[in-house]
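# Examining the three-dimensional arrangement
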Amino acid sequence: MTKVSWSRLMFFTMVMFVLTLAACGNGDTSDEESTDNSDADTEESVDEGADESAESEPKVTEFEPAFPEQTRAPAVETEAELDVEVVAEGLGVSWGMEEFDTNRLLVTQRDSAELLIVDLEDGSVSDPIEGTPEVNSEGQGGLLDVTIAPDFDESRLVFMTFAQDIEGGTVTAVGKGVLSDDEASLEDFEVIFQAEPAYEGNLHYGGRIIFDDEDNLFLTTGERSDDPIRERAQDLDAYLGKVIHITQDGEAVDTNPFIEDEDALDGIYSYGHRNIQGVDFHPETGDLWIVEFGPQAGDELNIIEPGNNYGWPIVSYGIEYSGELINDGISEHEAQGFVEPRYYWDPTSAPSGMSFYDSDAIPEWENNLFIGGLASSYIARVVIEDDLIVGEERLLTDEGERFRDILVTEDGALIAITDGGKIYKIAAAG
Ligand SMILES: [Ca+2]
C-alpha cells in the first residue's frame, strides 16, 4: 500500500488546474474520453499564488445563473487531518463498486467486463467472478455499475448495468445474478431491463443504479450523445436521457408518473437529461440527487422529482464542444418550463459517480456530497444547506486520475475508483 501525503496533494493542486483547463479547451467532442493524454507534462509551472477554487476560474460561457448559489460556490477547505491511501492499483477502468461485506467491495472493470472483489483491509484483489454478462465494450460501453439487493444477505442478488448489443445497436441494460457462496461465480444471470431504443453508437450510456427504500431500482441513462438522437431525451417513448424506476424484475414501478399516459413508457421517472453517471439519496431529506455530464461546461446537479423535465437538449448552461450555442443558446430553465439545476459547473467538472457522506467519522463532512471528476481530475466536495450549494472543495487534485465512482464505507471512509485502475481510501487520520 502507498501512503500519500495530504499536504503534497494540496501543493500540486494548481498544476492540475492548469491541466484541467488545457483538457477542457481542446474542443474534443468525446467529453468523457478526451483527456487520456492530458497528464503528460504535469509537474511544471507551479504558481504558488494561484487560486484553484471554482469561484475564481475563467468561465467558458457567458451565461448567468438563475440564482446566486447556482454555480461557482465559494471555496471551502477540510480542516480534519486526513489519511489518503492507495489500497489497490494496476486494475483496468474501474467503473462501479459496492461494499457488499464490511470493507470488501465488488468492483466492475469496464473494458474487460470483469467483476472483482477488493479487500480494503489488505488490498487483495480476487480472480474475476465467473458468469458476468457479454458486453459491448466499445467507446464508453462495457461493464458499468454494480449494486446489491437490499436483502443480499439472504438472496445474494447482485445487479449490474452494461452496454449490450441487441438488434439495431446497443442499449444500457440491467441484469441480475446470484453470487455463489464461494464468491467465485454469478449464477442464473439474466437481463431484466433494456433502455431502448437501441442505437448504433458507443457514447453516453449513463448506467448508475441505486435501490430506494421500497427495494425498487433507479437507473440513469444517457441520450447517446449524437445530434439528433440526443433529442430523444425529450421524448416519453424512449428511455434515452432518463431516470428510470423499475422493480427487481425490470417492471415499471406502479406509482411511476407516466403509468396513466398511453403514449409514454411506464418506466420513465424523469426526463430531459444528458448523461447521468452519479446518483444518491440525500441522507437528511431523502431526496434523489443526480449529477449529469454537461457539454462544454453546464454539468448539472439536480434533485429528481417524478414527471419533471430537466431541459436537455433544449436548454443548457453549457455550449457545444465546437463553441457553438446549443439550440437557441438559452440557459435559463424555469422560464422555458424546465427544472432549474440546483447547481452547475462552468468550466466543467466532468462528473461521474457520486456519494453523500452519510457517516459521522469525519463530522465536518456529514451530508456533504462527493463527486468523482473525469477530465477535471479531482473529487469535488460539495457543501449543501437547504438544497443550496454553499461551498466547494477539490480533493486529490495532484493525482492525475479520472475519478469514476465514489462510495462511503460503513466505517466512514471515502473510497474512490479511477479509470487508471486505482482504488483510493480517504479516512480521518489516526
Ligand atoms: Ca438541465
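Analysis parameters
Residues numbered from 1 in each chain as written. Predicted model: local features only at pLDDT ≥ 70, side-chain atom pairs only at ≥ 80, totals over all residues. Helix = DSSP H or I, 4+ residues; strand = E, 2+ residues; numbered from the N terminus. Contact = placed C-beta atoms within 7 Å. Pairing = 2+ DSSP bridges. Axes fitted to C-alpha atoms, helices over the stretch in contact; angles between N-to-C directions. pLDDT = per-residue confidence, 0-100. Buried ≥ 20, exposed ≤ 12 C-beta atoms within 10 Å, placed from the backbone. Core = buried A, V, L, I, M, F, W, Y, C linked by C-beta atoms within 7 Å.

### Topic: the overall build of the chain
Along the chain, the regular secondary structure elements total 3 helices and 24 strands. Put simply, 60% of the contacts in the chain that link residues at least 6 apart link residues at least 24 apart.

### Considering the sheet that holds strand E14 (residues 276-281)
In space, the 4 strands of this open sheet follow the order E14-E15-E16-E17, with antiparallel pairing throughout. Each edge of the sheet is formed by a strand with only one pairing partner; in this case those strands are E14 and strand E17 (343-345). Strand-to-strand twist across the sheet, computed as the mean angle between neighbouring axes with direction ignored, equals 20°. Judged from the 5 bridges that link them, strand E15 (residues 288-292) and strand E16 (residues 299-304) form a sheet pairing that is antiparallel. Within E16, the residue paired with isoleucine 290 across the bridge is asparagine 302.

### Observations concerning the sheet that holds strand E13 (residues 268-271)
One open sheet holds the 4 strands; their spatial order is E10-E11-E12-E13, and the pairing between them is antiparallel. Strand pairing shows two members of the sheet lacking a second neighbour, strand E10 (209-211) and E13, which therefore form its edges. For this sheet, the mean inter-axis angle between neighbouring strands, taken without regard to orientation, is 20°. Alignment of strand E11 (residues 217-220) against strand E12 (residues 242-246), held across 4 bridges, turns out to be antiparallel. Across the sheet, the residue bridging to phenylalanine 218 is histidine 245, located in E12.

### Some remarks on the environment of alanine 54
In this structure, alanine 54 sits in the loop between helix H2 (13-24) and strand E2 (82-88). Taking the C-alpha atoms as reference points, alanine 54 and arginine 394, 340 residues apart in sequence, are found 8.8 Å from one another. If we skip the residues at most four places from it in the chain, alanine 54 touches Arg72, Ala73, Ala75 and Glu392.

### Focus on the confidence of the model for the chain
Averaged over all residues, the pLDDT of the chain equals 91, while 88% of them reach at least 70. pLDDT under 50 marks residues 7-30. Its contacts with residues more than four places away, or in other chains, come to 52 contacts. Here residues 34-50 is modelled with pLDDT under 50, and outside its nearest four sequence neighbours on either side it reaches 21 contacts, counting other chains as well.

### What about the pairing of E14?
Most of E14 is tucked away, with 5 of its 6 residues classed as buried. Summarising the sheet, E14 and E15 pair through 5 bridges and their orientation is antiparallel. Pairing of isoleucine 276 across the sheet is with glutamate 292, part of E15. Connecting E14 to the next strand, E15, in antiparallel fashion are 6 residues, including glycine 286 with a positive phi near 80°.

### Quick notes on the nonpolar core
Membership of the largest hydrophobic core comes to 96 residues, with the highest contact counts inside it found for Ile371, Ile379 and Leu414. Here the element with the most residues in this core is strand E7 (residues 157-166); it accounts for 5 residues. Leave out the neighbours within four places in its chain, and isoleucine 371 touches Gly278, Val291, Ser349, Pro351, Met354, Ile379, Ala380, Val382 and Ile406.

### Quick word on the environment of glycine 353
Summarising the element assignment, glycine 353 is placed in strand E18 (residues 351-356). The class for glycine 353 is buried, based on 25 C-beta atoms found within 10 Å. Spatially, the C-alpha atoms of glycine 353 and glutamate 292 are 9.6 Å apart, while their sequence positions differ by 61 residues. Residues within four places of glycine 353 in sequence aside, it is in contact with Arg208, Gln277, Gly278, Gly372, Arg404, Asp405 and Ile406.

### What about unusual backbone geometry?
Residues apart from glycine generally show negative phi values, whereas peptide bonds are mostly found in trans. Following glutamate 196, the chain continues into proline 197 via a peptide bond in cis, with omega recorded as 10°. Position of proline 197 among the secondary structure elements: in the loop between strand E9 (186-194) and E10. Residue proline 313 is bonded to the preceding tryptophan 312 through a cis peptide linkage, with omega at -5°. Tracing the backbone shows proline 313 in the loop between E16 and E17.

### Here's the deal with the pairing of strand E19 (residues 369-373)
By the criterion of burial, E19 is predominantly enclosed, with 5 of the 5 residues buried. Burial of E19 is two-sided: the residues Leu369, Ile371 and Gly373 facing one way and the residues Phe370 and Gly372 facing the other way are all buried. Relative to E19, E18 runs antiparallel, the two being bridged by 4 bridges. Its bridge partner lying in E19, serine 355 is registered against phenylalanine 370. Of the strand pairs in this sheet, E19 and strand E20 (residues 379-385) are connected by 4 bridges, and their pairing is antiparallel. Paired with phenylalanine 370 across the two strands is arginine 381, which belongs to E20. The hairpin formed by E19 and E20 contains 5 residues between the paired strands, and serine 377 there has a positive phi angle of roughly 60°.

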